[in-house]
Amino acid sequence: MIKKAIFLAAVLVLFSLVMQAVSTIHPVPIKKDLALFPREIAGYKLAKEERMPSKVEKVLGVDNYIMREYCQKDTCISLYVGYFEEQQEGAMIHSPKHCMPGGGWLPIDDRIITLNTPHGQLKVNRFLLQKGDEKLLVYYWYQGRGRKVASEYEDRLYLLLDRLLKQRSDGALVRLMVPLKKGNEKKLKEFTRALVPILDQFLPS
(Lines give C-alpha, C1' and ligand atoms only; values in the text may rest on other atoms or scores of the structure.)
Protein backbone atom coordinates (compact mmCIF):
# COMPACT_ATOMS: atom_id res chain seq x y z
CA MET A 1 0.00 0.00 0.00
CA ILE A 2 2.86 2.36 0.87
CA LYS A 3 4.69 1.54 -2.38
CA LYS A 4 1.49 2.22 -4.34
CA ALA A 5 1.08 5.60 -2.63
CA ILE A 6 4.71 6.54 -3.34
CA PHE A 7 4.31 5.52 -6.99
CA LEU A 8 1.15 7.59 -7.34
CA ALA A 9 2.83 10.60 -5.74
CA ALA A 10 5.77 10.29 -8.15
CA VAL A 11 3.41 10.06 -11.14
CA LEU A 12 1.48 13.12 -9.99
CA VAL A 13 4.69 15.15 -9.56
CA LEU A 14 5.93 14.08 -12.99
CA PHE A 15 2.52 14.82 -14.48
CA SER A 16 2.54 18.33 -13.01
CA LEU A 17 6.02 19.00 -14.44
CA VAL A 18 5.04 17.78 -17.90
CA MET A 19 1.81 19.81 -17.83
CA GLN A 20 3.90 22.92 -17.19
CA ALA A 21 6.56 22.04 -19.76
CA VAL A 22 4.31 21.08 -22.68
CA SER A 23 2.35 24.11 -23.82
CA THR A 24 1.38 23.08 -27.37
CA ILE A 25 -1.56 20.71 -27.01
CA HIS A 26 -4.10 20.10 -29.75
CA PRO A 27 -7.69 19.79 -28.48
CA VAL A 28 -9.40 16.91 -30.26
CA PRO A 29 -13.14 17.29 -30.93
CA ILE A 30 -15.37 14.28 -30.33
CA LYS A 31 -16.30 12.29 -33.46
CA LYS A 32 -20.05 12.54 -32.85
CA ASP A 33 -21.99 14.45 -30.21
CA LEU A 34 -22.87 12.11 -27.35
CA ALA A 35 -26.42 13.49 -27.51
CA LEU A 36 -26.77 11.23 -30.58
CA PHE A 37 -25.98 8.12 -28.53
CA PRO A 38 -28.43 5.25 -29.22
CA ARG A 39 -31.64 5.22 -27.21
CA GLU A 40 -31.53 1.43 -27.04
CA ILE A 41 -28.52 -0.78 -26.24
CA ALA A 42 -28.65 -4.60 -26.02
CA GLY A 43 -32.41 -4.49 -25.53
CA TYR A 44 -32.23 -1.83 -22.80
CA LYS A 45 -34.19 1.32 -23.60
CA LEU A 46 -33.45 4.86 -22.50
CA ALA A 47 -35.61 5.59 -19.45
CA LYS A 48 -34.03 8.72 -18.00
CA GLU A 49 -31.46 11.34 -18.95
CA GLU A 50 -29.94 13.86 -16.57
CA ARG A 51 -27.68 16.91 -16.72
CA MET A 52 -25.31 18.22 -14.09
CA PRO A 53 -25.89 21.65 -12.56
CA SER A 54 -24.11 24.26 -14.71
CA LYS A 55 -21.73 25.11 -11.83
CA VAL A 56 -20.65 21.46 -11.58
CA GLU A 57 -20.14 21.26 -15.35
CA LYS A 58 -17.94 24.34 -15.21
CA VAL A 59 -15.82 23.05 -12.32
CA LEU A 60 -15.45 19.60 -13.91
CA GLY A 61 -14.49 21.07 -17.28
CA VAL A 62 -16.00 18.21 -19.29
CA ASP A 63 -16.66 19.08 -22.95
CA ASN A 64 -19.29 16.48 -23.83
CA TYR A 65 -21.12 13.97 -21.67
CA ILE A 66 -24.21 11.85 -21.12
CA MET A 67 -25.79 10.65 -17.86
CA ARG A 68 -28.44 8.10 -18.73
CA GLU A 69 -30.43 5.21 -17.34
CA TYR A 70 -31.27 2.29 -19.62
CA CYS A 71 -33.92 -0.18 -18.46
CA GLN A 72 -35.20 -3.61 -19.44
CA LYS A 73 -38.08 -4.98 -17.35
CA ASP A 74 -36.99 -4.57 -13.71
CA THR A 75 -33.28 -3.97 -14.37
CA CYS A 76 -31.85 -0.48 -14.93
CA ILE A 77 -28.24 0.28 -15.82
CA SER A 78 -26.80 3.77 -15.32
CA LEU A 79 -24.34 4.99 -17.94
CA TYR A 80 -22.01 7.98 -17.76
CA VAL A 81 -19.62 8.94 -20.55
CA GLY A 82 -17.62 12.12 -20.08
CA TYR A 83 -15.28 13.36 -22.82
CA PHE A 84 -12.51 15.96 -22.52
CA GLU A 85 -11.06 17.48 -25.70
CA GLU A 86 -7.99 18.48 -23.69
CA GLN A 87 -7.09 17.50 -20.13
CA GLN A 88 -5.27 19.99 -17.96
CA GLU A 89 -4.96 20.75 -14.28
CA GLY A 90 -8.39 21.66 -12.95
CA ALA A 91 -10.18 20.11 -15.94
CA MET A 92 -9.43 16.42 -16.21
CA ILE A 93 -10.84 12.98 -15.56
CA HIS A 94 -11.25 12.01 -11.91
CA SER A 95 -11.32 8.43 -10.68
CA PRO A 96 -14.75 7.21 -9.47
CA LYS A 97 -12.89 5.70 -6.51
CA HIS A 98 -12.33 9.22 -5.21
CA CYS A 99 -15.72 10.79 -5.90
CA MET A 100 -18.27 7.98 -5.54
CA PRO A 101 -17.86 6.93 -1.88
CA GLY A 102 -20.04 9.15 0.29
CA GLY A 103 -23.66 9.51 1.30
CA GLY A 104 -23.33 6.30 3.28
CA TRP A 105 -21.79 4.31 0.39
CA LEU A 106 -18.59 2.50 1.37
CA PRO A 107 -16.20 0.65 -0.99
CA ILE A 108 -15.94 -3.07 -0.17
CA ASP A 109 -14.19 -4.49 -3.25
CA ASP A 110 -11.96 -3.10 -6.00
CA ARG A 111 -10.30 -5.17 -8.73
CA ILE A 112 -9.70 -5.31 -12.46
CA ILE A 113 -11.47 -7.90 -14.61
CA THR A 114 -11.26 -8.73 -18.32
CA LEU A 115 -14.25 -8.95 -20.66
CA ASN A 116 -14.37 -10.31 -24.20
CA THR A 117 -16.04 -7.82 -26.54
CA PRO A 118 -16.65 -7.56 -30.32
CA HIS A 119 -13.60 -5.25 -30.45
CA GLY A 120 -11.26 -7.49 -28.43
CA GLN A 121 -10.53 -7.89 -24.74
CA LEU A 122 -11.41 -5.05 -22.41
CA LYS A 123 -10.03 -4.56 -18.91
CA VAL A 124 -12.44 -2.75 -16.59
CA ASN A 125 -12.41 -1.73 -12.96
CA ARG A 126 -14.95 -3.70 -10.94
CA PHE A 127 -15.78 -1.43 -8.02
CA LEU A 128 -18.30 -2.55 -5.39
CA LEU A 129 -19.94 -0.25 -2.83
CA GLN A 130 -22.33 -0.99 0.01
CA LYS A 131 -24.83 1.03 2.04
CA GLY A 132 -26.71 -0.96 4.64
CA ASP A 133 -28.03 -4.06 2.87
CA GLU A 134 -27.74 -2.48 -0.59
CA LYS A 135 -24.81 -3.11 -2.90
CA LEU A 136 -23.90 -1.11 -6.01
CA LEU A 137 -21.75 -2.65 -8.75
CA VAL A 138 -19.66 -0.25 -10.86
CA TYR A 139 -17.65 -0.94 -14.02
CA TYR A 140 -15.44 1.82 -15.40
CA TRP A 141 -12.46 2.45 -17.63
CA TYR A 142 -10.56 5.29 -19.30
CA GLN A 143 -10.74 5.58 -23.10
CA GLY A 144 -8.78 7.89 -25.34
CA ARG A 145 -6.06 8.31 -27.91
CA GLY A 146 -6.52 4.75 -29.20
CA ARG A 147 -6.50 3.01 -25.81
CA LYS A 148 -8.93 1.53 -23.31
CA VAL A 149 -7.28 1.40 -19.90
CA ALA A 150 -8.56 0.21 -16.52
CA SER A 151 -5.69 1.33 -14.30
CA GLU A 152 -5.74 4.96 -13.21
CA TYR A 153 -1.93 4.94 -12.91
CA GLU A 154 -1.48 3.44 -16.39
CA ASP A 155 -3.85 6.04 -17.84
CA ARG A 156 -1.85 8.87 -16.23
CA LEU A 157 1.43 7.51 -17.61
CA TYR A 158 0.00 7.22 -21.13
CA LEU A 159 -1.36 10.74 -20.78
CA LEU A 160 2.14 12.02 -20.02
CA LEU A 161 3.62 10.19 -23.01
CA ASP A 162 0.89 11.35 -25.38
CA ARG A 163 1.27 14.97 -24.30
CA LEU A 164 4.98 14.74 -25.10
CA LEU A 165 4.85 12.64 -28.28
CA LYS A 166 1.44 13.42 -29.80
CA GLN A 167 0.60 16.81 -28.26
CA ARG A 168 -2.76 15.28 -27.29
CA SER A 169 -4.46 14.88 -23.93
CA ASP A 170 -8.06 14.09 -24.93
CA GLY A 171 -9.83 11.25 -23.18
CA ALA A 172 -13.04 9.91 -21.70
CA LEU A 173 -14.28 8.19 -18.58
CA VAL A 174 -16.85 5.44 -19.15
CA ARG A 175 -18.79 4.32 -16.07
CA LEU A 176 -21.66 1.87 -15.68
CA MET A 177 -23.62 1.07 -12.50
CA VAL A 178 -26.26 -1.45 -11.48
CA PRO A 179 -27.65 -2.61 -8.12
CA LEU A 180 -25.93 -5.89 -7.27
CA LYS A 181 -28.70 -8.49 -7.28
CA LYS A 182 -28.88 -12.04 -8.58
CA GLY A 183 -28.14 -12.10 -12.31
CA ASN A 184 -27.36 -8.38 -12.60
CA GLU A 185 -23.61 -8.74 -13.07
CA LYS A 186 -24.19 -11.02 -16.05
CA LYS A 187 -26.57 -8.40 -17.48
CA LEU A 188 -24.00 -5.65 -16.90
CA LYS A 189 -21.34 -7.64 -18.74
CA GLU A 190 -23.68 -8.15 -21.72
CA PHE A 191 -24.53 -4.44 -21.78
CA THR A 192 -20.83 -3.52 -21.62
CA ARG A 193 -19.98 -5.82 -24.52
CA ALA A 194 -22.67 -4.18 -26.64
CA LEU A 195 -21.53 -0.70 -25.57
CA VAL A 196 -17.90 -1.00 -26.70
CA PRO A 197 -18.48 -0.88 -30.51
CA ILE A 198 -20.86 2.06 -30.04
CA LEU A 199 -18.30 4.04 -28.06
CA ASP A 200 -15.72 3.53 -30.80
CA GLN A 201 -18.06 5.37 -33.18
CA PHE A 202 -18.11 8.45 -30.94
CA LEU A 203 -14.73 8.69 -29.20
CA PRO A 204 -11.58 9.65 -31.17
CA SER A 205 -8.88 7.00 -31.53
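Residues numbered from 1 in each chain as written. Predicted model: local features only at pLDDT ≥ 70, side-chain atom pairs only at ≥ 80, totals over all residues. Heavy atoms only, no water.

**Here we look at the overall build of the protein chain**
Check the secondary structure of the protein chain and you find five helices and nine strands. Per-residue burial for the protein chain yields a buried fraction of 45% across its 205 residues. Nonlocal contacts in the protein chain, meaning residues at least 24 apart in sequence, comprise 67% of its contacts between residues at least 6 apart. When the accessible area of the protein chain is evaluated, it comes to approximately 10900 Å², of which 55% is carbon and sulfur surface. (Helix = DSSP H or I, 4+ residues; strand = E, 2+ residues; numbered from the N terminus. Buried < 20%, exposed > 50% of the residue type's maximum accessible area, 1.4 Å probe, protein only. Contact = heavy atoms within 4.5 Å. Areas by Shrake-Rupley, 256 points an atom, 1.4 Å probe, with all protein chains shown as cover.)

**Observations regarding the state of the cysteines**
Applying the stated criterion to the full structure yields one disulfide. Cys 71 shares a disulfide with Cys 76; S-S distance 2.0 Å. Looking along the S-S bond of the Cys 71-Cys 76 disulfide, the torsion reads about 110°, which is the right-handed sense. Among the residues examined, Cys 71 registers a relative accessible area of 17% and is labelled buried. Note on Cys 76: relative accessible area 26%, which makes it partly exposed. (Disulfide = S-S within 2.5 Å.)

**Section: the nonpolar core**
Phe 37, Leu 79, Trp 141, Leu 176 and Leu 195 are the most contacted members of the largest nonpolar core, which totals 33 residues. Residue assignment for this core shows that the elements contributing at least two residues are β2 (44-50), β3 (64-72), β4 (75-84), β5 (106-117), β6 (120-131), β7 (134-144), β9 (171-179) and α5 (184-202). Element by element, the count of residues in this core is highest for α5, at seven residues. Leu 195 has contacts with Phe 37, Ile 41, Leu 79, Trp 141, Val 174 and Leu 176, leaving out every residue within four places of it along the chain. Tyr 65, Phe 127, Leu 136 and Val 138 belong to the second largest nonpolar core, which has 16 residues in total. (Core = buried A, V, L, I, M, F, W, Y, C linked by side-chain atoms within 4.5 Å.)

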